[in-house]
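This is what each chain is made of:
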Amino acid sequence: MGRALRILLGLVLMVYVTPIYFRVPAGVAVGSLLLMLGLIGVYSLLHIVLSRIIVAVAPWFGALVANGLLVAVYIAGAFGSPIVGHGKGQLAAVTFLGISLIVAGMRAAPGCEVMAIPGLLFGKHTELACLIFSPLDRLERKLRS
């Protein structure tokens, strides 16, 4: 059920955000796609750091850091900064989250969905708690056993 909800929510986000790319100026669309590639790079570095250090100590703290970064990019996108401003950060954050949810659902990745793309690149799951889906995943495991 958590897997289906991840895919469904990811598809809803992608259906919502895709038409926006065709309505915004080309500079904003290209900037947000480049910012999304930057997010993949940052989350890949975060994947390396979290898989070696924080996960063993506090998976909820790692999840807050991972989700906090995406929220910060989204909020910064509302301002006029040259890199993330004028909606680029918002568009990139929603696109990244939508794709991450779809990847997490397709791979049946447990835990933090924003780490699904780096998990795909590195071939292993990041064992961070998900702020939304972890309770649902726990309930599913309980019902299966």
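Residues numbered from 1 in each chain as written. Predicted model: local features only at pLDDT ≥ 70, side-chain atom pairs only at ≥ 80, totals over all residues. Heavy atoms only, no water.

### Focus on the overall build of the chain
Logical step 1: Check the secondary structure of the chain and you find 6 helices and 0 strands.
Logical step 2: Along the chain, helices and strands appear, N-terminal first, in the series α-α-α-α-α-α.
Logical step 3: In summary, the chain has a C-alpha radius of gyration of 15 Å against a globular reference of 15 Å for 145 residues, a match within 12%.
Logical step 4: Projected onto its principal axes, the C-alpha coordinates of the chain cover approximately 50 × 30 × 25 Å.
Logical step 5: When burial is assessed residue by residue, the chain has 45% of its 145 residues classed as buried.
Logical step 6: Across the chain, contacts joining residues at least 24 apart in sequence account for 65% of those joining residues at least 6 apart.
Logical step 7: Summed over its atoms, the accessible surface of the chain is roughly 7,900 Å², and 75% of this surface lies on carbon and sulfur atoms.
Logical step 8: Between the centroid of the 11 positive side chains of the chain and the centroid of its 4 negative side chains there is a distance of 5 Å. (Helix = DSSP H or I, 4+ residues; strand = E, 2+ residues; numbered from the N terminus. Rg over C-alpha atoms; globule rule 2.2 N^0.38 Å. Buried < 20%, exposed > 50% of the residue type's maximum accessible area, 1.4 Å probe, protein only. Contact = heavy atoms within 4.5 Å. Areas by Shrake-Rupley, 256 points an atom, 1.4 Å probe, with all protein chains shown as cover. Lys, Arg positive; Asp, Glu negative; His and termini not counted. Charge placed at Lys NZ, Arg CZ, Asp CG, Glu CD.)

### Some words on the confidence of the model for the chain
Detail in the predicted coordinates should be disregarded across regions flagged by low pLDDT.
Logical step 1: Looking at the chain as a whole, the pLDDT averages 83, with 91% of positions reaching at least 70.
Logical step 2: For the chain, the element scoring lowest by mean pLDDT is helix α6 (residues 134-144), at 72; helix α4 (residues 88-107) scores highest, at 91. (pLDDT = per-residue confidence, 0-100.)

### Observations concerning the packing of aromatic side chains
Logical step 1: Evaluated as defined, the whole model comprises 1 aromatic pair.
Logical step 2: Their ring planes at 15° and their centres at 5.0 Å tell us that Y43 and F96 sit as a pair that is stacked. With Y43 in helix α2 (residues 26-52) and F96 in helix α4, this residue pair connects regions lying 53 residues apart in the sequence.
Logical step 3: A relative accessible area of 0% means that F96 is categorised as buried. (Phe/Tyr/Trp six-rings, centres within 6.5 Å; stacked < 30°, edge-to-face > 60°.)

### Quick word on the side chain of K88
Logical step 1: Within the element layout of this structure, K88 appears in helix α4.
Logical step 2: Here K88 sits buried without a salt bridge, and the closest side chain of opposite charge, E113, lies 26 Å off (N-O distance).
Logical step 3: Look past the residues within four positions of K88 in its chain and what remains in contact with it is G27, V28, G31, S32, L35, P82 and I83. (Salt bridge = Lys/Arg side-chain N within 4 Å of Asp/Glu carboxyl O.)

### Description of the nonpolar core
A general feature of soluble globular proteins is that nonpolar side chains tend to end up buried together.
Logical step 1: L39, Y43, A66, L70, F96, V114 and M115 are the most contacted members of the largest nonpolar core, which totals 23 residues.
Logical step 2: At the level of secondary structure, the elements contributing two or more residues to this core comprise α2, α3 (59-76), α4 and α5 (116-122).
Logical step 3: Among the elements that line this core, the one with the most residues is α2, at 7 residues.
Logical step 4: In contact with A66, other than residues within four places in its own chain, are Y43, L46, C112, V114, M115 and L128.
Logical step 5: Listed in part, the 10 residues of the second largest apolar core include L13, M14, Y21 and V94. (Core = buried A, V, L, I, M, F, W, Y, C linked by side-chain atoms within 4.5 Å.)

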